[in-house]
Amino acid sequence: MLLLLDGLDEVRLKYRDDCVAALNAFGLKYTAEMAVSCRIKDYEALPNRLQLQSAIYLRPLVREQIRDYFKSIGSDFAGLNALIERDSALQELASSPLILSIMTVAYQGIPLENLPKTEDLKEHRTVLFNSYIERMLKRRGNNPRYKYENKQVIYWLALLAQKMVQQSQTIFLIEQMQPSLLVSKVESKKYFIGVKLIVGLLLGIYAGLLFKILNYENLPLFENLISLLRESIAGLISGLVSALVVRLESGLGFGIISAAILGLITMPFSGGELPFLEMIIFGVFFGVAFKIININQIKVVDTIQWSWEEVKNKFTLGSVSAIGAGIFLLLNGWTWLYRLLTDGKSLSPWLVNFLCKTIVPIFQLSSRAICSEKGFLPADNSSVLLSIFLGLVSLSLSVGLWVGVILGFKKGTDIEGSVIPNQGILRSEANALKLLAISGTLAGVISLIVWSLYKLHPNIFWWVYYGIAPEYRWRFALLIGSMVGLSSGLVGGDNSGLACIQHFILRVLLWSKGYIPWNYARFLNYATTQVFLQKVGGGYIFIHRLLLEHFASMTTGATDGKRM
C-alpha cells in the first residue's frame, strides 16, 4: 500500500513541523511507503525534513513550453500570447499549468488592446480570477435545477473559502460543519437554544414514559397523552433555561431548577400537591444529561460496533446507580408512609405497592390493613429484610442490563471514505435508527422477563409493579423498550442521534441567515460544474489554492446571500 498525502503546506503553520515528526515516526514504525506533496518554499522553511528515500521537484513551465501550447490551441488566444510575451508578471502566472488553463478560459477571443495591462502580479491575479469567474458564470446554461443568482454564487463561495482558510481546510465536507461557522454570539446562542430545546423535549418524553410506569393507572389514551405533554413542556422549558443561563454549569443546580419547573407545571393537575418522586427523577435526568452532553462540537458517527467491554463498564455504572436509587427510595420511604396512613388516595399504585412490600412490614404498622384494602398484599414480616436485599439485587441487575443495552454500542474504529455529500450525517442518522430499533427490542425482551419474574415473586421484585393482568406485560415492555430505544438512539454509539440534531439546527440557522442555500450539496455540485470546485469523494476542494485565496479575500456584504 502506498500512502498519498497531499498538501503538507496547507497544514496550519504551528502544527506543520509536528506533522513532519509524526510522518517520520509512522514511517519508521510501520515501514510504510508514502508520497507527500508540498510547495517548495514552505517545505524549505521547515526546521526538520521528511525522512523519505527521494524527492521529485515539479518545475514551472518555461517560456518555450508556453509558446508551444499556444501554437497548439489556435488563433483565439493570439492576444493573450502576445501579452504574456511582454508582461513579466503574467509570465510568472502562466508558468503554472492550471493557471495557464484558467487564462485561456478567462481571455479567450479577447484582442490584445482589451486585455488588462499591469506589471503588478497581485493585480494581474485579481483581474484574471474575476474574469474567470465572470466567464464561468455565463456558461451556466438552462438547467432548471440551478437557479442561483451570480451574486449569491460568489457570496456563498466567498464565505466557504474564508472559513476553509481560517480553519486550514483543504477539503470541505458538509458533515464536518461546526457551530464555529456562526458569526455572532447571538447566532451561537440560537444554536444552543435550538439543540437544547430538542434534547429537553426528548428527555421530557423519556421522563414521561417512566412516570407512566411509576404512576401506573388504567387511564384513557387522551389523559395519558395530556400527562405526557406536561413532562414534554417541562423538558422544553428546562432545555431553554439550560441554554439561556450560561453561568449555570453545576449539574446539581440545574437538576434542582428542572425539578422545580416540573413541579410548577404539574401542581395545577395534582390538587396543588408537589410530585416529589417525579421531581427528583426529573431533576436527576436533566442535571446529569446537560452536564455530560457536549454540544459545542458535532461528531459524526460513521460506524458503530457492539463492545462487550463497553457493556461491562456501562452495566457496572447502571447497577451501582440502581442500588443507590433503591437505597434512596428505602430511606425516603417514611416521607410517603405518612401520606399512606392519612390519605393514600394521592399516592400512585406503584408507590403504594413499594411501601406495602418494604416499609410497612419493617415497622409492622397498622397500615397493613390499608394495604389490604387497596389490594396490595403486604410482605411477610419475617422475610422482609431478605426480600428488600434480593429486590435491590434484582433492581441492580435489571437496570445494569438496560443501561448496558443503551450504551453497549460504541463508535466503530473502521474509517470509511466519504463518497457522497453529507455521508457522515446520513450514516449517523442510520446508526441512530439502528440503535433505537435494536436496543429498544432487546430492552423490551428483558422487560417481559422482568415482568414475568415480578408475577412469580412480587415481594422480591417490589420495584416493578405495573398491573396484574397478563396483557399489561406487553404495555410494560413497550414503555421500557420505548424509553431505552429513545435513549440509545440519542446518545448510543457516541451520540449518533445528537449529532443529527446538532447538524440540523446548524444548517437551519446558516440557511436562515443566508450563509448557505437550503440544498447545500446541490449548490456545491453546481459550483463543480462551473469549474470553481472539484469533487473529491463526498467532499469538495477549490480547483486551485490561488482561486481559494481569491474568493477568501472578497468582502462579503450582509445581504448578498438571500435564502434559497
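Heads up: the structure comes first, above all this text.
Below, the structure is looked at part by part. All values derive from a computational prediction rather than experimental measurement.

What to know about the nonpolar core
Proteins that are soluble and globular tend to have nonpolar side chains buried together.
Alright, step 1. Counting residues in hydrophobic clusters, the biggest one holds 130 residues, and the most contacted among them are Met103, Leu157, Phe532 and Phe542.
Alright, step 2. Not counting the four nearest positions on each side in its chain, Phe532 is found in contact with Tyr132, Ile133, Met136, Leu137, Val153, Leu157, Ala527, Ile541, Phe542, Ile543, Leu547 and Phe551.
Alright, step 3. Counting residues in each nonpolar core, the second largest holds seven residues, with Leu8, Val20, Leu23 and Tyr43 among its members.

Focus: the pairing of strand β2 (residues 33-36)
Alright, step 1. As defined by bridge partners, strand β1 (residues 2-5) adjoins β2 across four bridges and the pair is classed as parallel. Looking across to β2, one finds that Leu4 is bridged to Ala35.

Describing unusual backbone geometry
Alright, step 1. Despite not being glycine, Asn495 has its phi angle at roughly 70°, a positive value.
Alright, step 2. Examined against the element boundaries, Asn495 turns out to sit in helix α19 (residues 472-512).
Alright, step 3. Overall, Asn495 belongs to the partly exposed group, its relative accessible area being 24%.

What about the pattern of salt bridges?
Alright, step 1. Taken as a whole and assessed by the stated rule, the structure comprises 11 salt bridges.
Alright, step 2. Arg39 is paired through a salt bridge with Asp9; the nearest N and O atoms lie 3.6 Å apart. With Arg39 in the loop between β2 and α2 (40-44) and Asp9 in the loop between β1 and α1 (13-30), the pair connects residues that are 30 residues apart, well separated along the chain.
Alright, step 3. The salt bridge partner of Glu85 is Arg63, with a shortest N-O separation of 2.5 Å. With Glu85 in helix α4 (residues 78-86) and Arg63 in helix α3 (residues 63-73), this pair connects stretches of sequence that are 22 residues apart.

Observations concerning the packing of aromatic side chains
Alright, step 1. Taken as a whole and assessed by the stated rule, the structure comprises 20 aromatic pairs.
Alright, step 2. Taken together, a centroid distance of 6.5 Å and an interplanar angle of 85° make the contact between Trp402 and Trp463 edge-to-face. On the criterion of sequence distance, the pair formed by Trp402 in helix α17 (residues 384-407) and Trp463 in the loop between α18 (423-456) and α19 is long-range, its members being 61 residues apart. In terms of burial, Trp402 and Trp463 fall into one category: buried.
Alright, step 3. Centre to centre, the rings of Tyr520 and Phe523 are 6.4 Å apart; their planes meet at 10°, and the pair counts as stacked. Note that Tyr520 and Phe523 are positioned in helix α20 (residues 520-529) at a spacing of three residues, about one turn of the helix.
Alright, step 4. Members of the aromatic cluster, each reached through a chain of ring pairs, are Tyr148, Trp156, Phe172, Tyr520, Phe523 and Tyr526.

Overview of helix α14 (residues 349-357)
Alright, step 1. Buried residues dominate α14, accounting for nine of its nine residues.
Alright, step 2. Looking only at α14, the buried set comprises Pro349, Trp350, Leu351, Val352, Asn353, Phe354, Leu355, Cys356 and Lys357.

Conventions we followed
Residues numbered from 1 in each chain as written. Predicted model: local features only at pLDDT ≥ 70, side-chain atom pairs only at ≥ 80, totals over all residues. Heavy atoms only, no water. Core = buried A, V, L, I, M, F, W, Y, C linked by side-chain atoms within 4.5 Å. Buried < 20%, exposed > 50% of the residue type's maximum accessible area, 1.4 Å probe, protein only. Contact = heavy atoms within 4.5 Å. Pairing = 2+ DSSP bridges. Helix = DSSP H or I, 4+ residues; strand = E, 2+ residues; numbered from the N terminus. Salt bridge = Lys/Arg side-chain N within 4 Å of Asp/Glu carboxyl O. Phe/Tyr/Trp six-rings, centres within 6.5 Å; stacked < 30°, edge-to-face > 60°.

In short, geometric facts, not functional conclusions.
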